[in-house]
There are 4 protein chains.
Amino acid sequence: MRTGIWLVGARGSVAVTSIVGALAVRASLADPVGCVTELPPLRHPALPALSDLVFGGHDVSCVSLVKKAHALVAAGVLPAAVVAAVADELAGVEADVRHAPDGATQHDTVARIAADLADFRERHGLARVVVVNVSSTEAIPPDHPAYADAAALAAALHHEPVLPPSSRYAYAAFTAGCAYVDFTPSTGARLPALDQLAARHGVPYAGSDGKTGETLLKSVLAPMFAMRNLHVRSWSGTNLLGGGDGATLARPEANAAKVASKQRVLRETLGYEPEGHTRIDYVPDIGDLKTAWDLITFSGFLGSRMRLEFTWHGCDSALAAPLVLDLARLTAAAHAQGLSGPLPQLAFFFKDPIGDVPHGLAEQWRDLCEWVQGWGVPTTPAGPAEPSGQPS
Amino acid sequence: MRTGIWLVGARGSVAVTSIVGALAVRASLADPVGCVTELPPLRHPALPALSDLVFGGHDVSCVSLVKKAHALVAAGVLPAAVVAAVADELAGVEADVRHAPDGATQHDTVARIAADLADFRERHGLARVVVVNVSSTEAIPPDHPAYADAAALAAALHHEPVLPPSSRYAYAAFTAGCAYVDFTPSTGARLPALDQLAARHGVPYAGSDGKTGETLLKSVLAPMFAMRNLHVRSWSGTNLLGGGDGATLARPEANAAKVASKQRVLRETLGYEPEGHTRIDYVPDIGDLKTAWDLITFSGFLGSRMRLEFTWHGCDSALAAPLVLDLARLTAAAHAQGLSGPLPQLAFFFKDPIGDVPHGLAEQWRDLCEWVQGWGVPTTPAGPAEPSGQPS
Amino acid sequence: MRTGIWLVGARGSVAVTSIVGALAVRASLADPVGCVTELPPLRHPALPALSDLVFGGHDVSCVSLVKKAHALVAAGVLPAAVVAAVADELAGVEADVRHAPDGATQHDTVARIAADLADFRERHGLARVVVVNVSSTEAIPPDHPAYADAAALAAALHHEPVLPPSSRYAYAAFTAGCAYVDFTPSTGARLPALDQLAARHGVPYAGSDGKTGETLLKSVLAPMFAMRNLHVRSWSGTNLLGGGDGATLARPEANAAKVASKQRVLRETLGYEPEGHTRIDYVPDIGDLKTAWDLITFSGFLGSRMRLEFTWHGCDSALAAPLVLDLARLTAAAHAQGLSGPLPQLAFFFKDPIGDVPHGLAEQWRDLCEWVQGWGVPTTPAGPAEPSGQPS
Amino acid sequence: MRTGIWLVGARGSVAVTSIVGALAVRASLADPVGCVTELPPLRHPALPALSDLVFGGHDVSCVSLVKKAHALVAAGVLPAAVVAAVADELAGVEADVRHAPDGATQHDTVARIAADLADFRERHGLARVVVVNVSSTEAIPPDHPAYADAAALAAALHHEPVLPPSSRYAYAAFTAGCAYVDFTPSTGARLPALDQLAARHGVPYAGSDGKTGETLLKSVLAPMFAMRNLHVRSWSGTNLLGGGDGATLARPEANAAKVASKQRVLRETLGYEPEGHTRIDYVPDIGDLKTAWDLITFSGFLGSRMRLEFTWHGCDSALAAPLVLDLARLTAAAHAQGLSGPLPQLAFFFKDPIGDVPHGLAEQWRDLCEWVQGWGVPTTPAGPAEPSGQPS
Ligand SMILES: NC(=O)c1ccc[n+]([C@@H]2O[C@H](COP(=O)([O-])OP(=O)(O)OC[C@H]3O[C@@H](n4cnc5c(N)ncnc54)[C@H](O)[C@@H]3O)[C@@H](O)[C@H]2O)c1
Ligand SMILES: NC(=O)c1ccc[n+]([C@@H]2O[C@H](COP(=O)([O-])OP(=O)(O)OC[C@H]3O[C@@H](n4cnc5c(N)ncnc54)[C@H](O)[C@@H]3O)[C@@H](O)[C@H]2O)c1
Ligand SMILES: NC(=O)c1ccc[n+]([C@@H]2O[C@H](COP(=O)([O-])OP(=O)(O)OC[C@H]3O[C@@H](n4cnc5c(N)ncnc54)[C@H](O)[C@@H]3O)[C@@H](O)[C@H]2O)c1
Ligand SMILES: NC(=O)c1ccc[n+]([C@@H]2O[C@H](COP(=O)([O-])OP(=O)(O)OC[C@H]3O[C@@H](n4cnc5c(N)ncnc54)[C@H](O)[C@@H]3O)[C@@H](O)[C@H]2O)c1
Ligand code: NA
Ligand code: NA
C-alpha cells in the first residue's frame, strides 16, 4: 500500500523536517517520538507504514532539500548526524519536487498541479496520494460568490484570480482524486464549492492549522478550568518566533488569520471569550525555537483572584513534522476506507478543526481513537510493498 | 434530605472557607464558582442541595470560627463583606464543633468520636453524615500487623496507640454508619482493616488528598505529552506556601507524604517516571496565595529538546473549599444509593485516588459524569426539608 | 518652608495615591516605603518635609478625590483603613483642585493656568510651587517652527492651537515662577522655546516619564550584561495593564510615545539596540496590578546561547506615588538653591531623562546622592512652618 | 610577560572551557565575549595578554582534556568547530596537567604541589603563576586551632589531615611564590594562618566562588530594591543543574557551602535578610544549561504587595570561563605591581568576596575600574614574549 505524500511548500522547514524524519525513522536512526500513530491505541493495519510513504511536492523556492536540511541543522532543529546519514536519499526526493505551476489562468494552474499529482502517482505506482499544505500562511481572501458553488467556481477559474494558492491546491487535489490536508490557517478546502468538489470526487479532506504549541496547551488548560468551574477572566498570549514562518506571520494579514485560529479553542471550551489578546512577534534571533508566554487570570470560590503563567519553548518544526506524517497516514487510510468530505475525527491535530467537534484535547483524542479502532481490517495486508524508486 | 458534613479540622482554613462559602451561596451572596456539582453534567436530583448541608466537626484548636474567618479576610482569602454577612450563622455552627476527643485508649477515643457523630445526626435529624478530613497532614505511620484485619485492629485499639488520628476518625465514622472522605494525604481509611469495616457497615469512603494546584495541572499536562507521544525527560517542581498548612508541610515527614502523593500522576499517566523532584518550602510571607513553579524538559521528533515552565499563583483554600462541598454531596448521594467501600469514581478530586483508575483529568471527569448520570432518581424529592436549628 | 505641589491630572490614580500617601505618612499611619528621599544618603535639611507639602491641581475629570480614593481601594491599590482615616483631609484638598482651564486661545488658557498657580501660592503662603504632570499620556505632536523660539511661541499662542496640554502647563508654570516636573512621556517642557522660558524665569524643570516597572528593571539588567561583556541578542517585552492609564495607552499614538521612552535605556546602556519589541496591551481585568513579561536572549563565551525571562507584577500607582513626592521635594529644594533649567541629576527617576546622563540605575543613584550631598544647608531651618489651611 | 595559570581541577568543565576559549580567542576563532578585561575601562598595559597565558594544572581525574572538550561539545557548551580547530594545542597542554599529589602527610602533599608549580614556572620561563581553584566544591571543615596561626599550621601538616584540599593548594601556592584565586565556595586561602603565609611570601590572593548566575542577578536586583526603598519580604530561589558540578552540589555538605555563599548578597545589600530559601537540585537532564527560578515578594507605598519572578537559563561553564581568565590576568598584574594579601578590589567576580566591600554589582564594577585605572604603566612592555613550548 505505497502511499504518496505531496507537500505544498516542500522546501520549507516543516516539510523538510517531515521528510528527513521519515527517512531517519525508516532507517532506524531515530524513534518516531512525536508520531501519535505509533502509540498503541492508534496502531492499525489500515495505516500505511512509515516506510510506505513516498514524498513529492511543490514549492516556489529553489533552495535544495539538502541545503535546507543543513540550514535546519545550523538552526538546531535537525541533528547533523541524521542529515548526513539520509542526505543521499533526501537528494533522491528532489526529483519529485516541482516548481509551483503558474498558468495563464487559474484554470491552467490548477490543471497543471493536478497533472503533477497524477504523474507522481503513476510513476511511483501509488495506491493513493495525500496533498498536505505546509506552505506559507496566506491572508484571508474577501468572500466571492463563486465560493458557494462548484460550477460557478469552475467557470470563474477561467477569467479571474478567484482562489488563493492553498485553495488552488485543494481544487487540483480533488480533481486528481487526491485527499487534501491543510496544516496551515489558510483557506484551503474550506469553501462550499470545494466541499462539493471533494464529495463529487469521493475524496476526504482535513484541516486546519496544525496544533503544536500555545494552542495545544490551551486545549488542555481551558478544559481544566471549565471542568473545575473556575472563571477565566483574561487570557493573554505573546508568541515570539523567528524562522521563515515568523517572517511571514509578521505580516499583519497572515498574523490575523493565525490569531483567529488560536483563540477559537477558548470560546469553544469555556463557552465565553475571556479578555486578552494573542500577539505574534517576529524576533529573528529566536529562530525555530519559538517562545510563547501566556498569562491567565481567573477567579474561584468567593471571588478569589488567581493566576497561571506559562512559558513554552518549543521547536515548531519538530512538533509539526510528526503530525504531518500522522495526518498523511490517517487520511490515506480514511480514503482507502471509502470516506469522503471533511474528516472531523482529526480535530485532535488542528487549531481550527472542521465541523462541530469537541475542542478539548482529551475528548478529541478519545474520538480519534474510537474512530480508528472502529475501522475494518484491510483484506490485503498493509505490510511493506515491493520497493520501487524513491524509498529505496 | 438534610445531610451532615462533619469536618475533622473544622477550625482550619479549608474547613472555614467551606462553611463560609456554603452559607454565602445559600444566601445568594456568591455564585458557586469552583463547585463542580453545579455544572450541568453533574447536576442530579440525588445530590443534597447546598442548603441541605448542616456543618459540624472536631478540632484541637480553640480559635473560634468567626475569628478564623476574620484571619482569612486579612489573608485575602475571604471577602470582608461576605464574612460580615454570614458571621451570625457562622457563630451558630460553633455549637456543633467539638474539641477532638482524646480517650485513655484509642478504643475510647474512637468511641467518643462515634458518639459525637451519632449525636450530631440525631440532634439535627440528618438523613446521613459525611465525615471529611481536612485536618493537618500527618506523617505516614510504620506498618503494623493489625492494619491487615478488622478484628485484630479492634483488639489493638484497647492497648496500643496503633492508629494515626486520620484513621481513628475513619474508624469512628464507619462504626457510626457515616461515610468518610479524606481530603488530606494522611492514612485515613486506606488500611485493609478499615476497608473491611466500611464494607461491614455498608458505608462508602473516598480519598486521598484534594487535587487543587500543581497536581491539577500535572493531570492535564502529563496526558498532553503522552497523547502527543512526546518524551518527558524531567519534571521539577517548587511549591512555596505560607499559612497553617505550609507550616505543617515544612516538617519533613508531612512533606514526604505530600510529595509522594504529588508525583504519582506522572508515573501513572506517562508510564515512566521522569527525572526531577517536587519541593515544598514554607515561606510565611506567601500566605495562602501559594506559588508553584514547574519546569518540564521534554524531547520530540529527532531528539529536539524543548521546555515548558509554569507558575501557578493559587489560593489554596479557595480552590479546596468548593471541592469539599462537592465531595460531601457526591458521597452522601452514593451512600443514599446504597454504595459502600471505596468510590474510585471520585478520582477526579484527588491527587492520590483509590483504585485502579485513570489519572488524566479528562478521563476522570468523564468517568465521574457517567457515574452520576447513571444514578437513579430518588423517589422522595431532594428539595429543602423542614429547617430545624443550624441552617436557619 | 511650606511648598506647593500642583498635580496636573489631580484626580487620576497616581495623583490621588500621592496625596493619600502623603497624608497617611504625615499622620503616622504608614511608613514612607518607596520614598527615596527618606533614605539616609538623600536626607537633607534643604528638602521640604512631607508635612510641609500642600496639594492642589487641575483635572478635566469631575470625580471627587474621595470617590477616586475609594475606587483605588476597590482596585487593591489603597488600603481601606488608610483612606477612611484621611478622608476628611482629602476632602479638604478638593478646594484646591480646579477644572482644567480652556480659554478661547491657548494664550488665554495658559494665562488662566498661571493665575490658578499664583492664587494657590498666595492663599497658602507657599515658599514655592512645583507643578507635576501626572495627567494622561499624549501623542507626540508634529514639529512646529514656534517650538524653537520663545518669542515665536508667545506669538503663536494667540492664534494657533500650537501646544499640547502638557506643554501649556509647563508654559504656565514657568511664567508663574513655578518649577515643572513631567512624570509622563508627553512633551511637557521639552521644547527649546520652553527651555528658554525656564531660563528666563529662573525655574528648574525635570522629566520625563517616571521609571517604575519594566524600565526600572532594564536600568539594572542591561548594565549587568554590559559590565559582564555579554552580548544581548534580543529583548522583547509585553506589558499588560488595566486601569485608566492602560486604556489611554491602548490608543496607538500614546502607546508609541511610551514604547519609545521604554526602549531608550537599552540603546544607551548597551551601546547597540538588540532585536525585539516592547508591547503594551490593555487588559481591563489586570487592573492596576500591571504585569510585564520580558524575554532576553544573550550570548556569552564561544557563542553559547542563554536566556533570562522575568515577570513583574507591580502596582503602578503605588510605585509612582512616592516618586512624585520625592520629585516635588527635590525640585523644590533645587529651586530654592537657585538652580534653573533642566535637572539632569534627577535621571534616576525617569525612563527618558533629559540631558547626556548615565542610564544605569546605580550610576544615576550615585549622581543623585552626590548632587544632594553637595547642597548647602539652608540658613532658615526647614522645620514645620506655621500651619495655615489645608495640611491641618 | 608570559604568565602561568595553574588550574586546580584542570580536567573539569570550567577549566577546559577556559583553556579552549583562550586558545580559540588567541587564534581569532572567537571574540572574547564575557571577558571583562577586554572592556575599554579595564584594558591596561599591565595585564598579561590572553596570548601570554600558559596553562597547566592538577586533577584527580584521568579523562584527557580533548575527551572532556568533546563531552562539552556534546553537552552544547563548546562549539564542535572550535574544539576541532584547537584540539592539537589542547593536547599540548596535557603535558602540563599533573595528577593531584597525595603524599604520606599533608606536609608532603603540599611540598609536591609546590614543586609542580615551581617546575611549571621554570620550564616555561614564566614571570609568575596564578593558581586558580576550579575543582569540586568541598564541605566546610570544622574549625581547628592551627587555622589561626601559620607556625601551628606548618607543624600540624606533619601529623594531621588538617587542611581540606583547596587550602592545601593555597598553602602550596603561597610557599611557591604564586598568587591564588578561589573560584569555588571552598575554604581555600580563607584561614588566618594562610593569610599570614600570603603576606610573608608577598603574594596576593582572591575569592571566593565565581558569581555567574542567580547571584549575579541578585547583585543588581537587590540594590535596585534598596535604592528605591522598597521592602523585600521574601526571596526564594530554586537552582536546577546537571553536569559534574550539579552532582557534587547534590551532596548536602557541598550544597550548604554554596547556598550560604549565594544568600550573602541579600543581607549585605538590603541590610536585612528576607524570608525564603535557596535550593540547589541535581537534575541530570538539565546538563550544563542551568536553570534558576527566583520569586521575590516585596511591598511598596502604603503596603501594596508586589512580585518579581525570573528564570535564568545560563550555561554555567561558559559564564565562568572568561571570568577565570580575567581573574588570572588581574591577579597576575596585581602581583607584578607588588600587591600581596587579599584583593578586595576583585569583589565584582565573587559571590562571597573577601573583606568589607560593597555587594552591589555596579559599585563593585566602579571599584574595580578605579583600581585598574590607578595602576602604573609597566616599564617593560607587556607585549608577547619569546614563545617557548606550549602556546606555540
Ligand atoms: N511549525 C508549526 O508548528 C506549525 C504549526 C501550525 C501551522 N504551521 C504552518 O505551516 C506552514 C509552514 O511552516 P514552515 O515553518 O515550514 O514555514 P516555511 O516558511 O519554512 O515554509 C513555507 C514554504 O512554503 C513555500 N511556499 C510559499 N508559497 C508557496 C506556494 N504558493 N506554493 C508552494 N510553496 C509555497 C515557501 O517557499 C516555503 O518553502 C506555515 O503556514 C505555518 O503557519 C506550522
Ligand atoms: N488547601 C488545599 O488546596 C489542599 C489541597 C489538598 C489537601 N489539603 C489538605 O487539607 C488539610 C487542611 O489544610 P488547611 O490549609 O485547612 O490547614 P490548616 O492548618 O489551616 O487546618 C488544619 C486544622 O486541623 C486541625 N487539626 C490538627 N490536628 C487535628 C486532629 N488530630 N483532630 C482534629 N483537628 C486537627 C488544626 O488545629 C487546624 O485547625 C491539610 O492536610 C492539607 O494538606 C489542602
Ligand atoms: N503609574 C506609573 O507607574 C507611571 C509611570 C510612569 C508614567 N506614568 C504616567 O502618569 C500618568 C498618570 O497615570 P495614572 O495611572 O494616574 O492615569 P489616570 O488615567 O488614572 O489619570 C490621569 C488623569 O489625568 C487627567 N487628565 C487628562 N487630560 C488632562 C488635562 N488636559 N488636564 C488635566 N488633567 C487631565 C484625567 O482626567 C485623569 O484624572 C500617565 O500619563 C502615565 O503614563 C505613570
Ligand atoms: N560554572 C560556574 O558557573 C561556577 C560558578 C561558581 C563556582 N563554580 C565552581 O567551580 C568548580 C568547578 O565547576 P565545574 O563545573 O568545572 O565542575 P566539574 O565537576 O566539571 O570539575 C571539577 C574538577 O575538579 C576535579 N577535582 C576534584 N577534586 C580535586 C582535587 N582534590 N584536586 C584536583 N582536582 C580535583 C574533578 O576531578 C573535576 O575534574 C565547582 O566547585 C563550582 O562550584 C562554578
Ligand atoms: Na514565569
Ligand atoms: Na517564567
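Residues numbered from 1 in each chain as written. Chains lettered and ligands numbered in written order. Predicted model: local features only at pLDDT ≥ 70, side-chain atom pairs only at ≥ 80, totals over all residues. Heavy atoms only, no water.

Draft legend 1. Main features of the state of the cysteines. Across all of its chains, the model carries 0 disulfides over all chains by this definition. No disulfide involves B:C369; its nearest neighbouring cysteine sulfur is the one of B:C35, lying 15 Å away. The closest cysteine sulfur to the non-disulfide-bonded D:C35 is located on D:C315, 14 Å from its own sulfur. (Disulfide = S-S within 2.5 Å.)

Draft legend 2. Inspection of the UniProt feature "domain: Myo-inositol-1-phosphate synthase GAPDH-like" (unreviewed entry) in chain A at higher detail. UniProt's feature table lists "domain: Myo-inositol-1-phosphate synthase GAPDH-like" (unreviewed entry) at residues 213–317 of chain A, given in the numbering used throughout. Strand forms 36% of residues 213–317 of chain A and helix 40%; the C-alpha atoms that close the span are 11 Å apart. (UniProt positions renumbered as here; feature names shortened; annotations may be inferred. Helix = DSSP H or I, 4+ residues; strand = E, 2+ residues; numbered from the N terminus.)

Draft legend 3. Geometry of the coordination of the sodium ion (ligand 6). Around the sodium ion (ligand 6), the protein supplies B:E309 (OE) and C:E309 (OE) as donor atoms, at distances of 2.8 Å. If you look at the sodium ion (ligand 6) and the sodium ion (ligand 5), they sit 2.0 Å from each other. Of the two residues, B:E309 sits in strand 10 (residues 305–315) while C:E309 sits in strand 10 (residues 305–315), which places them in two different chains. Look at B:E309 and you get buried, because its relative accessible area is 4%. (Donors = N, O, S within 2.8 Å, 3.2 Å for Na, K, Ca; no water. Buried < 20%, exposed > 50% of the residue type's maximum accessible area, 1.4 Å probe, protein only.)

Draft legend 4. Examining the site of ligand 1 more closely. Residues and elements named next belong to chain A. Within the structure, ligand 1 sits among 29 residues, and D59, S135, T137, T212 and K258 are positioned closest to it. Backbone polar atom of D316 to an oxygen atom of ligand 1: 3.2 Å apart, as the coordinates give it. Relative to its unbound accessible surface of 840 Å², ligand 1 loses 90% to contact with the protein. Of all elements in the fold, only helix 1 (13–26), strand 2 (53–59), helix 6 (165–175), helix 9 (243–249) and helix 11 (316–336) reach the threshold of two or more residues within the shell around ligand 1. Considered class by class, the residues forming the shell around ligand 1 number 10 nonpolar, 12 polar and 7 charged. The two domains that each donate at least three residues to the shell around ligand 1 are domain 1 (3–210 + 318–373) and domain 2 (214–315). (Near = heavy atom within 4 Å. Polar contact = N/O pair within 3.5 Å; in protein donor to acceptor, adjacent residues only side chain to side chain. Areas by Shrake-Rupley, 256 points an atom, 1.4 Å probe, with all protein chains shown as cover. Nonpolar A, V, L, I, M, F, W, Y, C, P; charged D, E, K, R; others polar. Domains from an automatic or database assignment.)

Draft legend 5. Spotlight on the site of ligand 3. All names here are of chain C. Taken together, 29 residues sit near ligand 3, with V14, D59, S135, T137 and K258 positioned nearest. Taking T212, its side chain carries an N or O atom lying 2.9 Å from an oxygen atom of ligand 3. Considering ligand 3 on its own, with 850 Å² of exposed area, one finds that the protein chains cover 90% of that surface. Looking at the shell around ligand 3, the elements with two or more residues in it are helix 1 (13–26), strand 2 (53–59), helix 6 (165–175), helix 9 (243–249) and helix 11 (316–336). The residue makeup of the shell around ligand 3, split by class, is 10 nonpolar, 12 polar and 7 charged.

Draft legend 6. Just the sheet that holds strand 8 (residues 278–282) of chain B, in detail. Spatial strand order, 8(A)-7(A)-9(A)-10(A)-10(B)-9(B)-7(B)-8(B): 8 strands in an open sheet with mixed pairing. Of all strands in the sheet, those bounded by a partner on one side alone are strand 8 (278–282) of chain A together with strand 8 of chain B. Taking each pair of neighbouring strands and ignoring which way they run, the sheet shows an average axis angle of 10°. Relative to strand 10 of chain B, strand 9 (residues 289–299) of chain B is paired through 11 bridges, and the arrangement is antiparallel. Bridging across to strand 10 of chain B, B:L289 finds its partner in B:C315. Relative to strand 8 of chain A, helix 10 (residues 252–270) of chain A is tilted by about 150°, and along the sheet it contacts strand 7 (231–241), strand 8 and strand 9 (289–299) of chain A. (Pairing = 2+ DSSP bridges. Axes fitted to C-alpha atoms, helices over the stretch in contact; angles between N-to-C directions. Contact = heavy atoms within 4.5 Å.)

Draft legend 7. Quick look at the relation of the copies chain A and chain B. When chain A is brought onto chain B, the operation consists of a screw motion whose angular component is 180° and whose axial shift is 0.0 Å, with 0.0 Å RMSD remaining. Look at the turn and shift together and you get a two-fold axis relating the two. Using C-alpha coordinates, one finds that chain A approaches the rotation axis most closely at A:F310, a distance of 2.0 Å. A high fraction, 100%, of the interface residues of chain A reappear at the interface in chain B, so the copies pair face to face through one surface. (Least-squares fit on C-alpha atoms with pLDDT ≥ 70 in both.)

Draft legend 8. A look at the interface of chain A and chain B. Between chain A and chain B, the contact holds 59 residues from the first and 59 residues from the second. Summing both sides of the interface, chain A and chain B together bury roughly 4,700 Å²; the carbon and sulfur share of this comes to 72%. Among the residues of chain A in contact with chain B, A:R228, A:F301 and A:L302 are the three that bury the most area, contributing 21% of the side total. Taken together, the links from chain A to chain B amount to 0 salt bridges. Looking at the side of chain A that touches chain B, the elements with two or more residues in it are helix 1, helix 8 (214–227), strand 9, strand 10 (305–315), helix 11 and helix 12 (361–373) of chain A. Sort the elements by how many residues they give to the side of chain A that touches chain B and strand 10 of chain A lands first, with 11 residues. Looking at the side of chain A that touches chain B residue by residue, the class counts come to 41 nonpolar, 11 polar and 7 charged. Alignment of strand 10 of chain A against strand 10 of chain B, held across 7 bridges, turns out to be antiparallel. Among the inter-strand pairings, A:H313 is bridged to a residue of strand 10 of chain B, identified as B:R307. (Buried area = accessible area lost by both parts, 1.4 Å probe. Salt bridge = Lys/Arg side-chain N within 4 Å of Asp/Glu carboxyl O.)

Draft legend 9. Looking closely at the packing of aromatic side chains. Tallied over the entire structure, the rule returns 38 aromatic pairs over all chains. Measuring from centroid to centroid gives 5.0 Å for A:W371 and A:W375, while their planes differ by 75°, and the two rings are edge-to-face. Residue classification places A:W371 among the buried positions, given a relative accessible area of 12%. Members of the aromatic cluster, each reached through a chain of ring pairs, are A:F225, A:W235, A:F298 and B:W312. Sitting over the ring of A:F348, B:R228 keeps its end group 4.8 Å from the ring centre. (Phe/Tyr/Trp six-rings, centres within 6.5 Å; stacked < 30°, edge-to-face > 60°. Lys NZ or Arg CZ within 6 Å of the ring centre and 35° of its normal.)

Draft legend 10. Representation of the interface of chain C and chain D. Each side of the interface is counted separately: chain C has 59 residues, and chain D has 59 residues. Summed over both sides, the interface of chain C with chain D buries roughly 4,700 Å², with 71% coming from carbon and sulfur. For the chain C face of the interface with chain D, the top three residues by lost area are C:R228, C:F301 and C:L302, together amounting to 21%. If you look at where chain C meets chain D, you find 14 residue pairs in polar contact (both at pLDDT 80 or more). Secondary structure elements with two or more residues in the side of chain C that touches chain D: helix 1, helix 8 (214–227), strand 9 (289–299), strand 10, helix 11 and helix 12 (361–373) of chain C. Broken down by element, the side of chain C that touches chain D gets its largest block of residues, 11 residues, from strand 10 of chain C. Looking at the side of chain C that touches chain D residue by residue, the class counts come to 41 nonpolar, 11 polar and 7 charged.

Draft legend 11. View of empty space enclosed by the protein. For the coordinates displayed, the defined rule picks out 9 cavities of 30 Å³ or more. Considered as a void within the structure, the largest cavity measures approximately 80 Å³ in volume. For the largest cavity, the lining is made up of 14 residues, of which A:E309, B:E309, C:E309, D:E309 and D:T311 are closest to its centre. Residues that form the lining of the largest cavity fall into these classes: 6 nonpolar, 4 polar and 4 charged. (1 Å grid on protein atoms, 1.4 Å probe; cavity = no way out; pocket = protein on both sides within 12 Å on 5 of 7 lines; lining within 4 Å. Points joined across faces, edges and corners; volume = space filled by probe spheres on them.)

Draft legend 12. Layout of unusual backbone geometry. All names here are of chain A. Looking along the chain, the bond that leaves G207 and enters S208 is cis, with omega of -5°. Residue L302 is not a glycine yet carries a positive backbone phi of 60°. Mapped onto the secondary structure, L302 falls in the loop between strand 9 and strand 10. By relative accessible area, which is 9% here, L302 ends up buried.

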